[in-house]
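Topology and contacts: notes
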Amino acid sequence: MKNIVIGRYVPGKGFLYDLDPRTKLIALLVLMAATFIIDELIHMAAAILLIGVILVIGRISVKRVYLGLRPLLFLLIFTFAFQILFNTQGDLLFETPLYYSPITLGLVVVIVLIWGFTKRFIKFKLLYFLATVFLSLFVLNTFTEPLVFATGTFSIYEDALEMALFIMLRLIIIVTLSTILTITTKPTDLNLGLESVLKPLKVIRVNTEEIAMIISIALRYIPTLLDEANKIMLAQASRGVDFQEGKLKEKVMQIVSLLVPMFIISFKRSDELANAMEARSFIPGHPRTRLHLLTWKTLDTVVLVVSLTLLISSISIRVFL
Amino acid sequence: MKPIIEIKDVSFAYSKQQDVLKNVNLTIQKGEWITILGHNGSGKSTLSKLLIGLLKAKTGTIHVDGIELNEDSVYDIRKKIGIVFQNPDNQFVGVTVRDDIAFGLENLQIPREEMIERIDKFSKKVDMFEYLNKEPQQLSGGQKQRVAIAGILAMKTDVIIFDESTSMLDPKGRKKILEYMKQLNDEGTTIITITHDMKEAVSSDRVVVLKHGEILKVDTSTNILRDKTTLEQSNLELLLPLELLHYMDSNNVDHQSLKDFLWASSLNV
Ligand SMILES: Nc1ncnc2c1ncn2[C@@H]1O[C@H](COP(=O)(O)OP(=O)(O)O)[C@@H](O)[C@H]1O
Ligand SMILES: [Mg+2]
């Protein structure tokens, strides 16, 4: 549970901490857009390099960014596997035959069973999973005449590899940028920045202050709710609910046994919070003064201009080259 | 003395079937410390919500500082009464201690410079100045309640209601909050303590005993503690020394020094 609190503000120093939250939010959006526009591997490499430079100059610990990326690992490997198995566009890069025989299939079954029983003891689960997949492929690749009753091929195409790589890199860039934003910006500032960046939406009658208040309360209560979820899980575990293992049906029951009490507690909580807010003279939609002020510095202008330049150049490269 | 709160013939019901408050009459003087003592579900919290207009009375009137509570005056009246609620987690609005104290001030549209001054002053008053940048997860329940108190002190209300504010705290946190109540009352703030714990009633000037939405008795705390019939009727849990004392009184057990000891330990918070 604790690892969901990744990407939380970490006090520190550096230019990323000095930037105005508005700048960081806009730059994040602009750079994200740019990563979706570029479509050459070399440009992607340049983007990654730029992120690296930001991390180094901003003195952000790579470990924290990695922690932010870890939950995505599964998604990354899944897209990779999906592309390689099903995308057959472009040049053929690699091909090898697979032989199906009672021996090879039997071995694969044994490997999978071993994996199933031992995976809980292995720390690097994904690596272990991948190793199992490759071992299985290797076994199937072994020619075991005369028992072979069918053959197939395992092939990797150029586009599959490229697509997989692009999806991966884009995800990594987006998550890294957002992690940089959240670990260098205090929740209060993030909220003020958001409110201010959303302000143009007022034209279409969106109550941006209210949205900001909702986000700020959500930010405030996420750790509290996680704590609560933890407590409920412990309580349910003590009644015999196992949150680690189980089939789909059991998993669903586990989630229900978590969600129902969470909902009830959250309703009570929000009712009390609303009372406490009103008791302290909060009137929705009324003007309020603000304790925190945002100050725009030259550095902000520079960062914004650089980000916009990057976006414009990536658009021009895409359109004109 | 001038009355700060006047409750006249107030009744209230959440649903049609049952009145949660029945014909409540109570006048609270400026600077007084009053305890509302009652069993769980006796209507204490309901009464406090009526006072700041979070709920609307079915019948009767409420005056605060001479102003009648109604739809037009409710926002002005909320500036005069602050409430520290029971659950420390469900009233912490800000992301940090500083932001939470600021929340009420922002609502009152206090200028920024004055806000900063008040936050410093009142966080010091409850010994939370060093914690201004801390987040609620980093604080104990007692510290969160102290932040809540600072938030209300900063709004400079005339009355502070403590609605079971110490019931979720450990003995140390509870003692500290009781000390602040005493100090604030000495400085002239009207204090209303809501509790089902008799010990908390001891320091107050007057105790109102509430039972099933009706006022059973209003008297000084010592008189109420001595009043066996009222306490028996009130469905409240008695502390052992007090129960012993009552037993000795009603059975004519004569042992003055033991009685003195039991009385002193009942009063000892
Ligand atoms: N929101 C509500 N809706 C319906 N009934 C309520 C509500 N809040 C409290 N009650 C009922 O009103 C009575 C008094 O509640 P309350 O004022 O919270 O008591 P106390 O604070 O003295 O424990 C209780 O019987 C309770 O069940
Ligand atoms: Mg209550």
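Residues numbered from 1 in each chain as written. Chains lettered and ligands numbered in written order. Predicted model: local features only at pLDDT ≥ 70, side-chain atom pairs only at ≥ 80, totals over all residues. Heavy atoms only, no water.

Some details on the overall build of chain B
- Summing up its helical and strand segments, chain B has 10 helices and 10 strands in all.
- A compact globule built from 269 residues should have a C-alpha radius of gyration of about 18 Å, and chain B, at 19 Å, falls within 12% of that.
- Here chain B, with 269 residues, has 53% of them falling under the buried criterion.
- Summarising the internal contacts of chain B: among those between residues at least 6 apart in sequence, 65% fall at separations of at least 24.
- Carbon and sulfur atoms form 47% of the exposed surface of chain B, whose accessible area is close to 12100 Å².
- Each charge class in chain B can be summarised by its mean position, and for the 34 positive and 39 negative side chains these summaries are 1 Å apart. (Helix = DSSP H or I, 4+ residues; strand = E, 2+ residues; numbered from the N terminus. Rg over C-alpha atoms; globule rule 2.2 N^0.38 Å. Buried < 20%, exposed > 50% of the residue type's maximum accessible area, 1.4 Å probe, protein only. Contact = heavy atoms within 4.5 Å. Areas by Shrake-Rupley, 256 points an atom, 1.4 Å probe, with all protein chains shown as cover. Lys, Arg positive; Asp, Glu negative; His and termini not counted. Charge placed at Lys NZ, Arg CZ, Asp CG, Glu CD.)

So, the packing of helix α6 (residues 102-118) of chain A against helix α7 (residues 125-140) of chain A
Residue and element names in this part refer to chain A.
- Remark: α6 packs on α7, axes separated minimally by 9 Å, with the N-to-C direction vectors making an angle of 170°. Looking at the two axes, α6 sits roughly antiparallel to α7. For the pair α6 and α7, contact is made by T104, L105, L107, V108, I111, I114, W115 and T118 and by Y128, F129, T132, L135, S136, V139 and L140, respectively.
- Across the contact of α6 with α7, the residue classes break down as 11 nonpolar, four polar and no charged. (Axes fitted to C-alpha atoms, helices over the stretch in contact; angles between N-to-C directions. Parallel < 35°, antiparallel > 145°, perpendicular 65-115°, else oblique. Nonpolar A, V, L, I, M, F, W, Y, C, P; charged D, E, K, R; others polar.)

Section: a positive patch on the surface
All names here are of chain A.
- A cluster of basic side chains, namely K63, R64, R70 and K123, defines a positive patch on the protein surface.
- By the element assignment, R64 lies in helix α4 (residues 62-69).
- For R64, a relative accessible area of 40% corresponds to the partly exposed category. (Patch = residues over 30% accessible without salt bridge, like charges linked within 9 Å, V, L, I, M, F, W, Y side chains within 5 Å. Salt bridge = Lys/Arg side-chain N within 4 Å of Asp/Glu carboxyl O.)

A short note on the pattern of salt bridges
Residues and elements named next belong to chain A.
- Taken as a whole and assessed by the stated rule, the structure comprises 25 salt bridges over all chains.
- Across the pair R269 and E228 runs a salt bridge whose closest N-O atoms are separated by 2.8 Å. One end of the pair, R269, is in helix α11 (residues 248-279); the other, E228, is in helix α10 (residues 208-238), and 41 residues separate them in sequence. Neither residue differs from the other here; R269 and E228 are each classed as buried.

So, the domain arrangement of chain A
Residue and element names in this part refer to chain A.
- Along its sequence, chain A is carved into domain 1 (15-77 + 164-320) and domain 2 (78-160).
- Each of domain 1 and domain 2 was reduced to a C-alpha centroid, and the two centroids are 37 Å apart.
- Contacts between the two partners involve nine residues from domain 1, matched on the other side by nine residues from domain 2.
- Together, the buried faces of domain 1 and domain 2 total about 950 Å²; carbon and sulfur atoms form 69% of this surface. (Domains from an automatic or database assignment. Buried area = accessible area lost by both parts, 1.4 Å probe.)

Notes on the domain arrangement of chain B
Residue and element names in this part refer to chain B.
- Annotation of chain B at the domain level lists domain 1 (1-80 + 161-169 + 183-221) and domain 2 (87-156).
- On a C-alpha basis, the centres of domain 1 and domain 2 stand 24 Å from each other.
- Across the contact, eight residues belong to domain 1 and 11 residues belong to domain 2.
- Carbon and sulfur atoms make up 70% of the surface buried where domain 1 meets domain 2, a total of about 700 Å² over both sides.
- Along the contact surface separating domain 1 from domain 2 lie one salt bridge.
- Notably, a salt bridge pairs K125 with E187, separated by 2.5 Å at the nearest N-O pair.

What about the interface of chain A and chain B?
- Between chain A and chain B, the residue contacts involve 29 residues of the former and 38 residues of the latter.
- For the pair chain A and chain B, the two sides together bury roughly 3000 Å², of which 53% comes from carbon and sulfur.
- For chain A, the biggest contributors to the area lost against chain B are R220(A), R280(A) and L291(A); these three give 29% of the whole.
- Linking chain A with chain B are four salt bridges, by the criterion used here.
- The salt bridge involving R280(A) is made with D100(B); its shortest N-O contact spans 3.5 Å.
- Where chain A touches chain B, the interface holds 19 residue pairs in polar contact (both at pLDDT 80 or more).
- Secondary structure elements with two or more residues in the side of chain A that touches chain B: α9 (187-198), α10 and α11 of chain A.
- Looking at the side of chain A that touches chain B, the element that brings in the most residues is α11(A), giving eight residues.
- Residue classes in the side of chain A that touches chain B are distributed as 14 nonpolar, seven polar and eight charged. (Polar contact = N/O pair within 3.5 Å; in protein donor to acceptor, adjacent residues only side chain to side chain.)

Examining the site of ligand 1
Residues and elements named next belong to chain B.
- Neighbouring ligand 1 are Y14, V20, H39, N40, G41, S42, G43, K44, S45 and T46.
- At 3.3 Å, a side-chain N or O of Y14 approaches a nitrogen atom of ligand 1.
- Note that an oxygen atom of ligand 1 is positioned 2.4 Å from one of the side-chain N or O atoms of T46.
- Protein chains bury 55% of the 560 Å² of accessible surface belonging to ligand 1 in isolation.
- Considered class by class, the residues forming the shell around ligand 1 number two nonpolar, seven polar and one charged. (Near = heavy atom within 4 Å.)

Some details on a nonpolar patch on the surface
Residue and element names in this part refer to chain A.
- A grouping of L248, V252, I255, V256, L259, V260, F263, I264 and F267 is seen on the molecular surface, where their side chains present a nonpolar patch of about 920 Å² in accessible area.
- Mapped onto the secondary structure, L248 falls in helix α11.
- A relative accessible area of 68% means that L248 is categorised as exposed.

A look at the pairing of strand β4 (residues 59-64) of chain B
Residue and element names in this part refer to chain B.
- The pairing of strand β1 (residues 3-12) with β4 spans five bridges and is antiparallel. What sits directly across from S11, in β4, is T59.
- Bridge count for β4 against strand β5 (residues 67-68) is two bridges, and the pairing is antiparallel. Its bridge partner lying in β5, H63 is registered against E68.
- Between the end of β4 and the start of β5, which pair antiparallel, lie two residues, with D65 showing a positive phi angle near 55°. (Pairing = 2+ DSSP bridges.)

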